[in-house]
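A closer look at the structure
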Amino acid sequence: MSVATDDAPWLRRLLVMLALVFAVLIFLAPLAAVFTEALRRGIAPALEAIVEPDALSAMRLTLLVAAVAVPVNTLGGVAASWAIAKFDFPGKRLLVTLIELPFSVSPVISGLVYVLIFGAQGWFGPWLREHDVQIIFALPGLVLATTFVTFPFVARTLLPLMQEQGREEEEAAATLGAGGLQTFFRVTLPNVKWALLGGVLLCNARAMGEFGAVAVVSGHIRGATNTMPLHVEILYNEYMFVGAFAVASLLALLGLVTLAAKALLEYWTARPIGIEA
Amino acid sequence: MSVEIEAVTRDFGTAANPALRGVSMALRSGEFVALLGPSGSGKTTLLRILAGLDFPDAGRVLIGGRDVAQVPARDRNVGVVFQNYALFRHMTVFENVAFGLRVRPRAQRPANAEIDRRVRELLALVQIPELAPRYPEQISGGQRQRVALARALAIEPQLLLLDEPFGALDALVRKDVRRWVRGLHDRLGLTSLLVTHDQEEAMEMADRVAVMEQGRIVQFDPPHTLIDAPASAFVARFVGDANRLAASVHGGRLDIAGFGGFDAAGLPEGAAEIFVRPDDLRILPPRDGLAPGLVEWSRPAERGRWKMLVAVGEHRLEGYGERAFERGAACALEFQALTAFGARGERVSINGREAAPSLR
């Protein structure tokens, strides 16, 4: 062991303690608070809040939005990272920047943009109303906003890995007679399958938990356009703490399951999966 | 399968420094040709154009008489062994080799039993039948190389392209593998093109060697011609391990700093470059009329001779002597043959009988 990296034992202990305190205060305490608040009056009221019709409707809506947004972003993310990592074309840098755009824009702004475009006073508002199409304050708006906000997860998880793997295997496949699709499905995709699964998990977690963008386009119509995070907010604002925290517990559980699944994936494949900025 | 390359040019958006500037060469069917050159000389670009992974800006490429300008890699049936092998990392050795058969259109795809038989045959050919169920990361560099070769041969190519295929192997394995690959080439009746920067490898394996310099082929000849009659100073410097000396021509005399002069018939006035192979440089005890030097080291060599490094002024020259010299001992140098290149590339070979006496 090198002497230069040997800090005084008391200093080391202090630093470890500090890190622990932070971890407990910032990560564990809020998580614990969510579950204790939910179960403050026992399990029955918590369960009741979860099976109540508005809550069930919020869950259905959240699942539905994720069921559309996640596959769309999986396809889009795979296509984008494939194009960027394996081909050269003009405008490539622009595409990379565009992929990261949702990360750099506040979700609330993203939601507002859709209101500006598709809302009643927006660019296409009058035309949409004439044709009886409702986007804002309806399912299409929720899906659009969620898809936009969660787009980078799959692409940014795949891209660094694909770039690191290079194009050699694809070139070898071509010289062996494989067509573009054969190469993609037999070589490119299998090489990134675990990272893809990791990216999809992250994307899904965010799609179900998204608040800001969804809050703007939802209109908060109970039983119709309320997703789970919005439902939590409404319950909380109405001082129905047990209900709010019970539904929040479900969301937190979802996050924990996602993390566990991702950890398992990483354990199986022995490599970290995640977004490299 | 014959290959003809006619006036091929390629630049990657840097017109001032193109990768290939009008390359022409022809490979005879059954020939083993090496493309030899330093990195950046364009040899890999030329190989990629033959493989169909890159396309020329101008010029024609014919493989077996067919113009392949518009033919992509997957329709060329050319075997390629890549520099780092590019094995499919998620497939077993067996599946790597089977790949070329499995991706064929349904009508031409062999039955599974037939694929199985062919892959086992190929793995036996490259002498690694026991590795079939392993993954690329579980086998050694030499074994990967064999898998890459078996995979390339699975599509039954008549033209085989090898891109620095031995670079990742250690020196001992490399010698064996070279001999073995050349044997395979002869046995299967392939036409092969080897890209390498290792002159020993090129000389040992190839029937003819094309030396590349800055996007051009500067000489395309059998190995012995490269040694005996290098076309330019660049070839002489790159092929064999000749001693190189700067010189100049004044008034019909070739002056080598520290060595005196030679009769310089055929060389124009101005700067010149001299190449002397160690075999053509004899180290003798000090003697009048020969250039003096100081021995830096001597070590025993084949046939009872001694190899020595001799300092003459700024220069360090390798040569052979009949006996050992002490470190730092005085000696004399006798040129038995040398090749001189004039300022405009004129080549003059000077025989020792004429050269040695004129040294002052």
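What you are looking at is a predicted structure, and each value in this text was computed from that prediction instead of being measured. The residue count restarts for each chain, going from 1 along the sequence in the order it is written. Chain letters and ligand numbers both follow the written order, the letters beginning at A and the numbers at 1. Whole-chain, interface and lining totals are the exception, using all residues; otherwise, since this is a predicted model, local features are given only for residues with pLDDT of at least 70 and side-chain atom pairs are given and counted only at 80 or more. No hydrogens and no water enter the side-chain calculation; it runs on all heavy atoms of the structure.

1. Digging into the sheet that holds strand 3 (residues 32-36) of chain B
Residues and elements named next belong to chain B. Stated formally: Pairing between two strands is assigned when DSSP locates at least 2 bridges connecting them. To qualify as a helix, a DSSP run of H or I must reach at least 4 residues; to qualify as a strand, a run of E must reach at least 2; elements of each kind are numbered from the N terminus. Axis definition: a line fitted to C-alpha atoms, over the contacting stretch in the case of helices. Angles run 0 to 180 degrees between N-to-C directions.
Strand order in this open sheet of six strands is 6-7-8-3-9-10, and the pairing throughout is mixed. Single-partner strands in this sheet number two, and they are strand 6 (78-81) and strand 10 (216-221). The mean inter-strand angle of the sheet, taken between neighbouring strand axes irrespective of direction, is 20 degrees. Of the pairings in the sheet, the one linking strand 3 to strand 9 (residues 208-213) comprises four bridges and is parallel in character. Following the sheet pairing, Val33 is matched in strand 9 by Arg208.

2. Overview of the pairing of strand 15 (residues 281-284) of chain B
Residue and element names in this part refer to chain B. Where strand 15 meets strand 19 (residues 330-335), four bridges bridge the pair, whose relative direction is antiparallel. Each bridged residue has a counterpart across the sheet, and for Leu281 the counterpart in strand 19 is Phe335. Pairing of strand 15 with strand 18 (residues 315-321) involves two bridges; the strand directions are parallel. Paired with Arg282 across the bridge in strand 18 is Tyr320.

3. Quick notes on a nonpolar patch on the surface
Residue and element names in this part refer to chain A. The condition is simple: Nonpolar side chains (Val, Leu, Ile, Met, Phe, Trp, Tyr) are joined into patches within 5 Å and like charges within 9 Å, using only residues with over 30% relative accessible area and no salt bridge. Residue-level accessible areas treat just the shown protein chains as cover; the underlying method is Shrake-Rupley with a 1.4 Å probe. For this document, the term salt bridge refers to a Lys or Arg side-chain nitrogen within 4 Å of an Asp or Glu carboxyl oxygen. For each residue, the accessible area found with a 1.4 Å probe, counting protein chains only, is set against the maximum for its type, and the residue is called buried under 20%, exposed over 50%, and partly exposed in between.
A cluster of nonpolar side chains, namely Leu15, Val16, Met17, Leu18, Leu20, Val21, Phe22, Val24, Leu25, Ile26, Phe27 and Leu28, defines an oily patch on the protein surface of about 1200 Å² accessible area. Looking at where Leu28 falls in the secondary structure, it is placed in helix 1 (residues 9-38). A relative accessible area of 51% means that Leu28 is categorised as exposed.

4. Let's talk about the UniProt feature "transmembrane region" (unreviewed entry) in chain A
Residues and elements named next belong to chain A. Quick note on the threshold: UniProt positions are given in the numbering used here, feature names are shortened, and annotations may be inferred rather than shown by experiment.
In this structure's numbering, the residues bearing the UniProt feature "transmembrane region" (unreviewed entry) are residues 14-35, 61-85, 105-124, 136-155 and 239-261. Across residues 14-35 one finds 100% helix and 0% strand; the C-alpha atoms that close the span lie 30 Å apart. The distance from the first to the last C-alpha atom of residues 239-261 is 34 Å, and the span holds 91% helix and 0% strand.

5. With respect to the packing of helix 13 (residues 228-237) of chain A against helix 14 (residues 241-269) of chain A
Residue and element names in this part refer to chain A. Our working rule: Here is the rule for angles: anything less than 35 degrees is roughly parallel, anything more than 145 is roughly antiparallel, 65 through 115 is roughly perpendicular, and the remaining ranges are oblique. Handedness of each helix crossing follows the sense of rotation of the near helix against the far helix: counterclockwise by less than a right angle gives left-handed, clockwise gives right-handed. Note on contacts: a residue pair qualifies if any of its non-hydrogen atoms lie within 4.5 Å across the two residues. Gly counts as polar in this scheme, as do all residues outside two lists: the nonpolar Ala, Val, Leu, Ile, Met, Phe, Trp, Tyr, Cys and Pro, and the charged Asp, Glu, Lys and Arg.
Packing of helix 13 against helix 14 brings their axes to within 8 Å, and their N-to-C directions diverge by 160 degrees. With respect to helix 14, the element helix 13 is oriented roughly antiparallel. Once helix 13 is placed against helix 14, the crossing between them reads as left-handed. Seen from helix 13, the contacting residues are Met228, Pro229, His231, Val232, Leu235 and Tyr236; seen from helix 14, they are Phe241, Gly243, Ala244, Phe245, Val247, Ala248, Leu250 and Leu251. Class assignment of the residues belonging to the contact of helix 13 with helix 14 gives a composition of twelve nonpolar, two polar and no charged.

6. Remarks on the side chain of Lys307 of chain B
What counts, and what does not: Here a polar contact is taken to be a pair of N or O atoms separated by no more than 3.5 Å, where protein atoms must pair a possible hydrogen donor with a possible acceptor and residues adjacent in sequence count only if both atoms sit in side chains.
Summarising the element assignment, Lys307 of chain B is placed in strand 17 (residues 306-312). Polar side-chain contacts of Lys307 of chain B include one of 3.3 Å to the side chain of Glu318 of chain B.

7. Some thoughts on the environment of Ala236 of chain B
Residue and element names in this part refer to chain B. Along the polypeptide, Ala236 turns up in helix 8 (residues 233-238). Once the C-alpha coordinates of Ala236 and Gln70 are considered, the two residues, 166 residues apart in sequence, prove to be 38 Å apart. With residues up to four places along the chain from it excluded, the contact list for Ala236 reads Pro230, Ala242, Phe275 and Phe341.

8. Some thoughts on helix 11 (residues 193-209) of chain A
All names here are of chain A. Stated formally: Any helix carries an expected span of 1.5 Å times its number of residues minus one.
Between its terminal C-alpha atoms helix 11 stretches 24 Å, which fits the 24 Å expected from 17 residues at 1.5 Å a residue. Listing the buried residues of helix 11 in full gives Ala195, Leu196, Gly198, Gly199, Leu202, Cys203, Asn204, Ala207 and Met208. Summarising the contacts, the buried residues of helix 11 are in contact with helix 3 (53-86), helix 7 (139-150), helix 8 (152-165), helix 10 (180-191), helix 13 and helix 14.

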